[in-house]
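# Structure assessment
So you can see what is in the structure, the chains are spelled out below.
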Amino acid sequence: MEVIRSQKRTASNDVVSNPKIPLYLTAPPLEVRLEEFELFAIDRLRVLKGVSDGLARGKNPKEMDDVVDALWKEHMRHSDASEMLNKDIISHFVIRLVYCRSDELKKWFLSMETALFRHRFRLRNFEAQRAIVGEFGLPYKAVTGAELESLKERLGQVVRSLGQISPSVVNDICCVSVCFFSFLSFAVEAVYYKVPFEEVPDLVAGRRVLIQKGHAFVAGSQLVSLVVTQFRSHISKALILTNRKWMTTIREREKDRLTPIVEALSTTYVGPDYSQSNDYADISLKDIDQVSKSSFPLCMRHLFEKLREDHHLKHGGRMQLGLFLKGVGLKLDDALAFWRAEFSKKVGSERFDKEYAYGIRHNYGKEGKRTDYTPYACQKIISSAPGVGDHHGCPYRHFSEDNLRAALGRMGLSSRGMEDVMDKVRNKHYQLACTLTFEAVYGTSCDVGINHPNQYFEESQKILKSKTPAAPV
Amino acid sequence: MAFLRTRYVLVLSLTLTLKAILLLIITSSMVVIDGKHPGCDEYYFGRREFSFTLENDVYLRYKSFKSVSSLEHAIKSCFPYKIDIGAVYSVDPDKRHAYSQTGTNVFTPVERELVFDIDITDYDDVRYCCSGADVCSKCWPLMTVAIKVIHTSLKEDFGFKHILWVFSGRRGVHCWVCDPKARRMTNEQRSAVAEYFRVYKGNENNARKVALMGYSLHPFLARSYVDLLKGFFEGELQANQSIFSTKDKYDKILEMISDEDIQSELREKWEKSANRSSLSEEAISLVRWDQLKNTLQSKKHKAPTLRMCVEEIVFTFAYPRIDLEVSKQMNHLLKAPFCVHPKTGRVCVPIDPNNCDEFDPLAVPTLSQLIEEINSGGSKMDVDDDDDDDTDTSLLGKSIKFFRSSFLEPLLKSCKEEIESSYKTKIDKSKDSFSW
């Protein structure tokens, strides 16, 4: 890709006739004007940021499809199809250059580009999807004939194991048509691909495919999993190569031209990670009980209460609560004193020092590879898997309805407020449920939505401090 | 459970442990196959991480050894109470700081067996005979069923061939999948397999810990249910645990039924019959299970969540509960087979998955028994002895023989074949310049 200063761009050799999604395998032989270099990138960054926001708010896949569709139309559209494709490709490579330069940037770029690809793929029709799969050049064949016959019954079982109708729909008047529709959706699909199970980890994890002797049988409608895995793997490798090239040749060569642009583009788009607490939120040990009741989100309140009750938390809980407290401003020494005070009651202070103190110091970046870990965002907490004896995770997702109601009651929600929250929970909008809780507890609206426990804490502190500026909250 | 802590004893136990470990390690290192084979990576063993837990809980990670004899030497001089095996890294773990963390020489795991850890304390909410670290013949069958379910799936669904099951020494089992393609799995793929096996999503915060949605079970779950879980639940588990015999016990099960009316109907019926029955605990339990099944059968159309309530109850009690975190990451360390468990003194012997019903955790040889055996001059203790004599009555003889013939030898053979074939491919391609 060549960046030039001239006014007119020479005609590109890329022939674009159908709306394919480019795979960004190699930088295309295009010439790009310097102004476009930056502008295209900014537009694409807007799209990626929108994807990031949507995911952080816990939108389900169908909603994300719509989000991506809208974002793409708003920022990346062009009346000329070949211009649109060029912008797509150019902007990707520019952003890749910008975001290859650190681990954190790489991780964000990889997640967002993969999500973008996934939803653009889902928006295409089956023919277009098959064409895209073909482009990857995967050696996997469709299952046919006798083999397909022998698998049919179990493939049917898989389809039926995934089908569900929500209770409310069943009670609708159009019950018959719904049942008919659901019957249709239980049919085994026409085309199945035999791929190694390693290629479709998300389908395996969700038990959404039949697996036999190391092969997964992927339905046509599930192709997205296959290609997304390939796409992510390819981009991941490409990022490493691009980084190497940047470090060895490009950065120096372009230091008067592209490098300043590249460096500027990266700083604007990483959301707050709450790893450094601001002055608002420094808390000390003596305030911690009070502050836990007044400003902690439900997930952290629960962990805190369990810690006080049991004088112990398992690893997942220690990580989730410990990092949250760090983000809230608890200094390392105070943290050690806090956890020691609790754990000593159960295991003794000697055992605490031997087995648990190291972990706390590790969280603050004082041990091991000295990473200063960032507190978990809602997305991470919601997708965690609390098991036996665990109390971490997101109560809106992981608690039973009764337990959740009891917990919300203790937070002071009225019965109507509770119904609104439970409604969100039933629809799996856990972060919206938490936002509604916030709004009910503090009597104000939170338009931006909760997507980080430390955000909940800071917003809460802001409100409480504005009401009683002098008193400790 | 006398656990003698003299140096003499430790040396013996460790030599014993060592000899057996050597077999496992040697295999993984592919050194013994044919050390002179040009396709052999002679530095492979040096890149394997070990960890030692010493007296006073001193924990030493990132230990690595150039050769089997330096491992032996280290064990004899450090006297570790526990030896864990980790991943094979890109560079020798004990030299990791010599390499920069950026660019091509990053210190990162390259190969690691796919491992599973099942611990019976994770079943405390469904076993009434023991809790915590205890284990007995009434609850151990939970481990047996877990082995069968997971082993069948690893073989039939995932196509793995080289699977070793090991007693963890006290209250659980470990599983090591050593196929080459298993060793090369990424963290994401390991996580996927762990999630595939995950059914129980419980802790004290939710009542319905197993939620089977959909209109039928996934073929893996269906096969496990029909072939293993159902029979186990209605037979051995009921006999050992009598899960319906008292109010406390059956209330827990009734809470798993998501329909209040059905719950009260059964609760009333059972409260009434509580005092009048002259049947044994076990018989009462079975009668109530039948009643529950019949009631649910007739009422399951009431709500989708009742459709597979019977299966959910069976899965809650009987289905394997693996520790997900152990399996998901390549850098997770796991106790080496044939170690002696520091608290029980028992040897972590292999378990034959095809005969696991016969395994008795309380009959596993202990360190004191081994010492006695050595002192009385009873056994040869030389593991390299290729004596196929079936009259070998030494305590560990059978375990070692099983380990060798059922696991090590086939794995050795497969590794050798892999080295030879990849070497051949390399030779064929050697005309081309760079392969990537």
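Everything numeric here is computed off the predicted structure, so don't read it as measured data.

## Description of the interface of chain B and chain A
Across the boundary between the two partners, chain B contributes 42 residues, which contact 40 residues of chain A. Taking both partners together, chain B and chain A bury about 3,300 Å²; carbon and sulfur atoms supply 54% of that area. Between chain B and chain A we count three salt bridges in total. We note a salt bridge from Lys213 of chain A to Glu156 of chain B, for which the minimum N-O separation is 3.6 Å. The interface formed by chain B and chain A contains eleven residue pairs in polar contact (both at pLDDT 80 or more). Elements with a minimum of two residues in the side of chain B that touches chain A: helix H3 (141–156), helix H5 (187–196) and helix H6 (219–241) of chain B. With six residues, H5 of chain B is the single largest residue contributor to the side of chain B that touches chain A. Among the residues making up the side of chain B that touches chain A, the classes are represented as 20 nonpolar, eleven polar and eleven charged.

## Brief notes about helix H16 (residues 349–363) of chain A
Residues and elements named next belong to chain A. When the terminal C-alpha atoms of H16 are compared, their 19 Å separation across 15 residues agrees well with the 21 Å that a helix rising 1.5 Å per residue should span. By the burial criterion, the buried members of H16 are Phe352, Tyr356, Ala357, Ile360, His362 and Asn363. Next to the buried residues of H16 lie helix H14 (315–328) and helix H15 (332–347).

## Focus: the sheet that holds strand S5 (residues 114–119) of chain B
Residue and element names in this part refer to chain B. Pairing in this open sheet of four strands is antiparallel, and the strands run S5-S7-S6-S9 from one edge to the other. Two strands close off the open sheet at either side, each with one partner strand: S5 and strand S9 (350–351). Bridge count for strand S6 (residues 163–167) against strand S7 (residues 172–177) is five bridges, and the pairing is antiparallel. Across the sheet, Trp165 pairs through a bridge with Cys175, a residue of S7.

## Comments concerning the UniProt feature "domain: DNA primase large subunit C-terminal" (unreviewed entry) in chain A
UniProt annotation of "domain: DNA primase large subunit C-terminal" (unreviewed entry) refers to residues 289–457 of chain A when read in the numbering used here. Secondary structure content for residues 289–457 of chain A is 68% helix and 0% strand, and the end C-alpha separation is 14 Å.

## Points about the pattern of salt bridges
Applying the stated criterion across every chain yields a total of 59 salt bridges over all chains. Two residues, Asp43 of chain A and Lys87 of chain A, come together in a salt bridge whose shortest N-O distance is 2.8 Å. Here Lys87 of chain A lies in helix H3 (residues 81–99) and Asp43 of chain A lies in helix H1 (residues 34–56), a separation of 44 residues in the sequence. Like Asp43 of chain A, the residue Lys87 of chain A is buried in the burial classification. Residue Asp259 of chain B pairs with Lys302 of chain B through a salt bridge whose shortest N-O separation is 3.0 Å. Here Asp259 of chain B is found in the loop between helix H7 (247–254) and helix H8 (260–274), whereas its partner Lys302 of chain B is found in the loop between helix H9 (281–299) and helix H10 (309–318), with 43 residues between them in sequence. Asp259 of chain B sits in the buried class, given a relative accessible area of 12%.

## Considering the sheet that holds strand S4 (residues 210–212) of chain A
Residue and element names in this part refer to chain A. Taken in spatial order, the three strands line up as S3-S5-S4 in an open sheet, and their pairing is antiparallel. Every other strand in the sheet has two partners, leaving strand S3 (192–196) and S4 as the edge strands with one partner each. Within the sheet, the average angular offset between the axes of one strand and its neighbour, ignoring direction, is 30 degrees. Where S4 lies against strand S5 (residues 215–219), three bridges are found, and the strand directions are antiparallel. From the neighbouring strand, Gln212 faces S5, where its bridge partner is His215.

## Re the side chain of Thr114 of chain A
Inspection of the secondary structure puts Thr114 of chain A in helix H4 (residues 103–123). A residue is classified by how much of its surface remains accessible, and Thr114 of chain A, at 3% relative accessible area, is buried.

## Concerning the UniProt feature "binding site: [4Fe-4S] cluster" (unreviewed entry) in chain A
Residue and element names in this part refer to chain A. With numbering aligned to this structure, UniProt lists the feature "binding site: [4Fe-4S] cluster" (unreviewed entry) at Cys299, Cys378, Cys394 and Cys434. A compact arrangement is adopted by the annotated residues: their sequence extent is 136 residues, whereas the largest C-alpha distance between any two is 9.9 Å. Within the secondary structure layout, Cys434 lies in helix H21 (residues 430–442). Those residues in contact with Cys434 that lie beyond four places of it in its chain are Tyr396, Ile450 and Tyr456.

## Here's the deal with the nonpolar core
Ranked by size, the top nonpolar core spans 176 residues in total, and within it Phe160, Phe197, Leu292 and Phe315 of chain B carry the most contacts. It is helix H10 (residues 223–253) of chain A that provides the largest number of residues to this core, a total of ten residues. The two domains that each donate at least three residues to this core are domain 1 (34–123 + 230–266) and domain 2 (135–165 + 176–220) of chain A. Residues contacting Leu292 of chain B, with those up to four places away along its chain left out, are Phe244, Ile253, Ile257, Leu266, Trp270 and Ile313 of chain B. Residues Ala335, Trp339, Ile382 and Tyr456 of chain A belong to the second largest nonpolar core, which totals 57 residues.

## Brief notes about the environment of Lys286 of chain A
One can find Lys286 of chain A in the loop between helix H11 (258–267) and helix H12 (288–295). Considered as a pair, Lys286 of chain A and Phe338 of chain A are 52 residues apart in the sequence and their alpha carbons are 9.8 Å apart.

## A closer look at the packing of aromatic side chains
According to the stated counting rule, one finds 46 aromatic pairs over all chains in the structure shown. Note on Tyr442 of chain A and Tyr456 of chain A: the rings are 6.2 Å apart at their centroids and 65 degrees apart in plane angle, and the pair reads as edge-to-face. Placement of Tyr442 of chain A in helix H21 and of Tyr456 of chain A in helix H22 (residues 453–467) is noted, with a sequence separation of 14 residues between them. Every member of this aromatic cluster is reached through a ring pair, and the members are Phe197 of chain A together with Phe116, Phe158, Phe160, Tyr196, Phe197, Phe220, Tyr225, Phe315 and Tyr319 of chain B. Seen from the ring of Tyr364 of chain A, Lys326 of chain A lies directly overhead, with NZ or CZ sitting 5.6 Å from the centre.

Calculation criteria
- Residues numbered from 1 in each chain as written.
- Chains lettered and ligands numbered in written order.
- Predicted model: local features only at pLDDT ≥ 70, side-chain atom pairs only at ≥ 80, totals over all residues.
- Heavy atoms only, no water.
- Contact = heavy atoms within 4.5 Å.
- Buried area = accessible area lost by both parts, 1.4 Å probe.
- Salt bridge = Lys/Arg side-chain N within 4 Å of Asp/Glu carboxyl O.
- Polar contact = N/O pair within 3.5 Å; in protein donor to acceptor, adjacent residues only side chain to side chain.
- Helix = DSSP H or I, 4+ residues; strand = E, 2+ residues; numbered from the N terminus.
- Nonpolar A, V, L, I, M, F, W, Y, C, P; charged D, E, K, R; others polar.
- Expected span 1.5 Å × (residues − 1).
- Buried < 20%, exposed > 50% of the residue type's maximum accessible area, 1.4 Å probe, protein only.
- Pairing = 2+ DSSP bridges.
- UniProt positions renumbered as here; feature names shortened; annotations may be inferred.
- Axes fitted to C-alpha atoms, helices over the stretch in contact; angles between N-to-C directions.
- Core = buried A, V, L, I, M, F, W, Y, C linked by side-chain atoms within 4.5 Å.
- Domains from an automatic or database assignment.
- Phe/Tyr/Trp six-rings, centres within 6.5 Å; stacked < 30°, edge-to-face > 60°.
- Lys NZ or Arg CZ within 6 Å of the ring centre and 35° of its normal.

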